[in-house]
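# Structural characterization, general
Chain by chain, the residues run as shown.
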Amino acid sequence: MKFTAFLIKLGISVLIIFVFFVLAPKVKRFVMNFDKHPQDQGAMMFLGSIVQISIQCIGIIVALGQLGVDTSVIVGAFSAIGLGISLALKNNMANVAGGIQIVLTKPFLIGDYVEIGTYAGTVTSIDTMFTTLLSVNRQEIVVPNATVISEVVVNYSKEKSRRIQIVLSVSNTTDVKAFMNDLVQIMNEEALLLKDPAPYARVSAFLPNGNGINITAFAFAPVEHYWDILFSLNLKFQQLMQEKQIQQPTDALSIKSVEDLQKP
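Description of the structure in this document. (Residues numbered from 1 in each chain as written. Predicted model: local features only at pLDDT ≥ 70, side-chain atom pairs only at ≥ 80, totals over all residues. Heavy atoms only, no water.)

Next up on the list: the side chain of Thr-216. Secondary-structure assignment places Thr-216 in strand β8 (residues 213-222). For Thr-216, a relative accessible area of 2% puts it in the buried group. Of the polar contacts made by the side chain of Thr-216, one reaches the side chain of Ser-204; its length is 2.6 Å. (Helix = DSSP H or I, 4+ residues; strand = E, 2+ residues; numbered from the N terminus. Buried < 20%, exposed > 50% of the residue type's maximum accessible area, 1.4 Å probe, protein only. Polar contact = N/O pair within 3.5 Å; in protein donor to acceptor, adjacent residues only side chain to side chain.)

Attention now moves to the sheet that holds strand β1 (residues 113-116). A sheet is described by the order of its strands in space; here five strands give the open sequence β4-β3-β2-β1-β5, paired in antiparallel fashion. If you trace the sheet from one side to the other, it starts and ends with β4 (140-144) and β5 (153-155), each paired once. Neighbour-to-neighbour, the strand axes of this sheet turn through a mean angle of 40°, independent of strand direction. Bridge count for β1 against β5 is three bridges, and the pairing is antiparallel. When the bridges of β5 are listed, Val-114 appears paired with Asn-155. (Pairing = 2+ DSSP bridges. Axes fitted to C-alpha atoms, helices over the stretch in contact; angles between N-to-C directions.)

One way to see where empty space is left: roll a probe the size of a water molecule over the atoms. Roughly 200 Å³ of internal volume is contained in the second largest pocket. In terms of lining, the second largest pocket is formed by 14 residues, of which the most central are Tyr-113, Thr-122, Ser-157, Val-223 and Trp-227. For the lining of the second largest pocket, the per-class residue count stands at seven nonpolar, four polar and three charged. (1 Å grid on protein atoms, 1.4 Å probe; cavity = no way out; pocket = protein on both sides within 12 Å on 5 of 7 lines; lining within 4 Å. Points joined across faces, edges and corners; volume = space filled by probe spheres on them. Nonpolar A, V, L, I, M, F, W, Y, C, P; charged D, E, K, R; others polar.)

Attention now goes to the packing of aromatic side chains. In this structure the tally under the stated criterion is four aromatic pairs. With a centroid separation of 5.1 Å and 85° between ring planes, the pair formed by Tyr-226 and Trp-227 is classed as edge-to-face. Note on Tyr-226: relative accessible area 9%, which makes it buried. Their ring planes at 35° and their centres at 5.9 Å tell us that Trp-227 and Phe-231 sit as a pair that is tilted. (Phe/Tyr/Trp six-rings, centres within 6.5 Å; stacked < 30°, edge-to-face > 60°.)

Moving on: the side chain of Asn-95. Structurally, Asn-95 can be placed in helix α4 (residues 90-105). On the basis of relative accessibility, which here comes to 6%, the residue Asn-95 falls in the buried class. Among the polar contacts made by the side chain of Asn-95, one reaches the main-chain amide nitrogen of Ala-146 at a distance of 3.0 Å. Look past the residues within four positions of Asn-95 in its chain and what remains in contact with it is Thr-128, Met-129, Pro-144, Asn-145 and Ala-146. (Contact = heavy atoms within 4.5 Å.)

Pasting the structure below:
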């Protein structure tokens, strides 16, 4: 009879764990549904993960209590284990703390295009330990939260526009003013490009040894169209240089003899 009663308790304990582990993801999704605004999405995702883990731990404690194990001992054991794990996995605890800091300070939101150290991509999730990015090459980049808060973060989506800067190197024989006017005209004809601030071009540098000139074209594009406009302008500028037969700088050296230098 005792063995039968133990099996019944064991079955109930397994059922409790099953119910709690099935319930935990549902509660996480329920919590995440409270993201009424885009800026709340990362916070709700982080909070949902914490709630899911907590429910699963509670399920284990209740199941062990059903088997007759003293729950106060279980809680104490969990506390001791938690302390030991936190000391052994202090880097992971730093990731959790980093996740809390990200959620509270909101340096970026879900959907923002960011650069974190050497990594860049669109933020797809902010979890308890990791922030996940999707690169322009459709690669998933998982960055530890501790790394996120220790690196310089560049948020390209914070503002509605982003500056395009294209440098073109031309020879000294180029009619610079005419060429810059052509560049501005091309940018003004780009439908998606912002007209305020207006596009412009400037002589930005002289190449060493007088080999040529750098001309930089500046314009502002909506963040969501930045790459499309950049690639389009690169192509149109190249076509302009071919049509106008704009020469690029060369590293060729002009060598003269002493006799040539002495000629009047």
